[in-house]
Amino acid sequence: MYATSCATNPDILSRETSSSEMLVDSFGRFHNYLRISLTERCNLRCQYCMPAEGVELTPNSELLSHDEIIRIANIFVTSGVDKIRLTGGEPTIRKDIEDICLHLSGLKGLKTLAMTTNGIVLSKKLPKLKECGLNALNISLDTLVPAKFEFMTRRKGHSKVMESIDAAVELGYNPVKVNCVIMRGMNDDEICNFVELTRHKPINVRFIEFMPFDGNVWNVKKLVPYAEMLDKVRQNYKGVERLQDHPTDTAKNFRIDGHVGTISFITSMTEHFCAGCNRLRLLADGNFKVCLFGPSEVSLREPIHAGVDDAGLKEIIGAAVKRKKAKHAGMFDIAKTANRPMIHIGG
């Protein structure tokens, strides 16, 4: 079994990392970024993520174990993945989160170990998580109004999220990324308030277009397009400058004169970025997904339990990557396509 101390990274895997055809799709895109959902459970009930009636969660006994997560991650990292992001549900509620971070950060060739979290319990856990190798952080926050937060998430906890953002800044995360899903009539009046978070602190606010998933009652009327959000920012701030984006960036990045931090827009609906997509997803139940909006999945957990070796798993992964389509179907077709709720897929 793995050690539980975070004092040093264990030398668990020392194979040289090399790029692999396993990670190249039929359009020549190389996928070096793996998102791993650690759990389907969450301590919030955000309206755009979970249906009002809730969802049926996969029993814990049918989720990937600690050792299975590390084994699969190793296959990806030794094939060329150099960034892993931990998601959920809410990853911080998984009891072995520190241990998972410790062992993932020990994978030779991994450069970035990131996490997306709602921040509810993060402030207390973050010092140890950083010690265990977590070196990048996204915190989800869709409103700066406590009462609205409770309405949107169906839970209390706004002050705890703000504490986590401040704790991340104090611990030296730079930037601290704040994910904000903008919905018309809900929080589109707060765009400039969020921009103000970037004035004095190294915060990157990421405005995300509202996306359709099963059960979240998506409607195009709730969608605030990127162009409209950017126009609102430009009406209120001078010196809004577009930054040079990396070809694989999902975000369009901007700097504002006099601000320490930055703002970004994730335009999944109105200006897709499929041509530069380098992301793959491992769900908490062991299913592998090559596109967030594509309904197709393939199980990696079942072949592991059937005794398939790493070479066999690589064949399954490579075949799935090769089936990845050039782009998603477009927002109106996505809204009509069966997919899982976001709580199942992982943020």
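As annotated in an unreviewed UniProt entry, the chain carries the name Molybdenum cofactor biosynthesis protein 1 and is attributed to Urochloa decumbens. As its UniProt record puts it under Cofactor (unreviewed entry), the chain is described as follows: "[4Fe-4S] cluster".

Another point: the overall build of the chain. Counting secondary structure elements, the chain contains eleven helices and twelve strands. For the chain, the residues scored as buried account for 56% of the 347 residues in total. Sequence separation of 24 or more characterises 74% of the internal contacts of the chain that already satisfy a separation of 6 or more. Within the structure as shown, the chain displays about 15100 Å² of accessible surface, and the carbon and sulfur contribution to it stands at 52%.

Turning to the packing of aromatic side chains, a few remarks are in order. Scanning the entire structure with this criterion turns up five aromatic pairs. Aromatic side chains Phe76 and Phe288 sit 5.6 Å apart centroid to centroid with 50° between the ring planes, which places their arrangement in the tilted category. One end of the pair, Phe76, is in helix α1 (residues 66-77); the other, Phe288, is in strand β11 (residues 287-289), and 212 residues separate them in sequence. Look at Phe288 and you get buried, because its relative accessible area is 2%. Measuring from centroid to centroid gives 6.4 Å for Phe194 and Phe207, while their planes differ by 85°, and the two rings are edge-to-face. One end of the pair, Phe194, is in helix α6 (residues 191-196); the other, Phe207, is in strand β6 (residues 203-209), and 13 residues separate them in sequence. Take Phe194: its relative accessible area is 0%, and that puts it in the buried class.

Let us now look at the packing of α1 against helix α2 (residues 97-105). Relative orientation of the contacting elements α1 and α2 amounts to 25°, with a least axis distance of 10 Å. Between α1 and α2, the angle falls in the class roughly parallel. Note that α1 runs across α2; the crossing there is right-handed. For the pair α1 and α2, contact is made by His66, Ile69, Ile70 and Ala73 and by Asp99, Ile100, His103 and Leu104, respectively. Residues belonging to the contact of α1 with α2 are distributed by class as follows: five nonpolar, two polar and one charged.

What follows concerns the nonpolar core. Phe76, Ile84, Leu86, Phe207 and Phe288 are the most contacted members of the largest nonpolar core, which has 76 residues in total. The element that contributes the greatest number of residues to this core is α1, accounting for seven residues. Discounting residues that sit within four places of it in the chain, Phe288 has contacts with Phe76, Leu280, Arg281, Ser296, Glu297, Val298, Leu300, Ile317, Ala320 and Val321. In terms of nonpolar packing, the next biggest core, distinct from the first, is built from 13 residues, Val181, Met269, Leu292 and Phe293 among them.

Our next topic: the pairing of β6. With respect to burial, β6 is a largely interior element, seven of its seven residues being buried. Here β6 shows two buried faces, one formed by Ile203, Val205, Phe207 and Glu209 and the other by Asn204, Arg206 and Ile208. The pairing of strand β5 (residues 176-182) with β6 spans seven bridges and is classified as parallel. Each residue of the ladder has a partner; that of Asn179, found in β6, is Arg206. Note that the unit made of β5, α6 and β6 has a crossover that is right-handed. Relative to strand β9 (residues 262-266), β6 is paired through five bridges, and the arrangement is parallel.

Counting buried positions along strand β4 (residues 136-140) gives four out of five residues, so the element sits mostly inside the fold. Two elements, strand β3 (residues 112-117) and β4, share four bridges in a ladder whose sense is parallel. Counted as the bridge partner of Thr116 is Asn138 from β4. In the classification by handedness, the crossover that spans β3, the intervening helix α3 (residues 122-131) and the parallel β4 is right-handed. Relative to β5, β4 runs parallel, the two sharing three bridges. In the sheet register, Ile139 faces β5, and the bridge partner there is Val178.

Position of Thr112 among the secondary structure elements: in strand β3. Note: C-alpha distance between Thr112 and Lys83 (29 residues apart in sequence) is 4.6 Å. Beyond its immediate sequence surroundings of up to four residues, Thr112 is in contact with Asp82, Lys83, Ile84, Asn135 and Ala136.

To continue, consider the pattern of salt bridges. Within this structure, the stated rule accounts for 13 salt bridges. With its nearest N and O atoms 2.8 Å apart, the salt bridge here joins Lys201 to Asp166. With Lys201 in the loop between α6 and β6 and Asp166 in helix α5 (residues 158-170), the pair connects residues that are 35 residues apart, well separated along the chain. Judged by its relative accessible area of 34%, Lys201 falls in the partly exposed class. In this structure Asp166 comes out as partly exposed when scored by relative accessible area, which is 31%. Here the residues in one salt-bridge network are Lys148, Asp189 and Glu190, joined through shared partners.

Cut-offs applied
- Residue indices begin from 1 for each chain and proceed along its sequence in written order.
- At least 70 in pLDDT is required for a residue's local features to be given in this predicted model, at least 80 for side-chain atom pairs to be given and counted, and no such filter applies to totals for whole chains, interfaces and linings, which use all residues.
- Values reported for side chains reflect all heavy atoms of the structure, with hydrogen atoms and water molecules removed beforehand.
- UniProt positions are given in the numbering used here, feature names are shortened, and annotations may be inferred rather than shown by experiment.
- Helix and strand assignments follow DSSP, with helices taken as H or I runs no shorter than four residues and strands as E runs no shorter than two, numbered in order from the N terminus.
- Throughout this description, buried means an accessible area under 20% of the type-specific maximum (1.4 Å probe, protein chains only), exposed means over 50%, and partly exposed covers the range between.
- When checking whether two residues touch, look at their non-hydrogen atoms; a contact exists if any pair is within 4.5 Å.
- Accessible areas in this description were obtained via Shrake-Rupley with a 1.4 Å probe; residue shielding takes into account the shown protein chains only.
- Aromatic pairs are defined between Phe, Tyr and Trp rings, using the six-membered ring for Trp, whenever the two ring centres lie within 6.5 Å; interplanar angles under 30 degrees are classed as stacked, those over 60 as edge-to-face, and all others as tilted.
- To get an axis, a line is fitted to the C-alpha atoms, and for a helix only the part in contact is used. The angle between two axes follows their N-to-C directions and goes from 0 to 180 degrees.
- Angle categories: roughly parallel below 35 degrees, roughly antiparallel above 145, roughly perpendicular from 65 to 115, and oblique for all the rest.
- Throughout, a crossing is termed right-handed when the near helix is turned clockwise from the far one, and left-handed when it is turned anticlockwise from it by less than a right angle.
- Throughout, the ten residues Ala, Val, Leu, Ile, Met, Phe, Trp, Tyr, Cys and Pro are labelled nonpolar, Asp, Glu, Lys and Arg are labelled charged, and all others, Gly among them, are labelled polar.
- Nonpolar core, defined: a set of buried Ala, Val, Leu, Ile, Met, Phe, Trp, Tyr and Cys residues in which side-chain atoms within 4.5 Å join the residues together.
- Note on pairing: DSSP must find at least two bridges between two strands before they are called paired.
- Look down the strands so they point away from you; if the path from the first strand over the helix to the second goes clockwise, the crossover is right-handed.
- Salt bridges, as used here, are contacts in which a Lys or Arg side-chain nitrogen is within 4 Å of a carboxyl oxygen on Asp or Glu.

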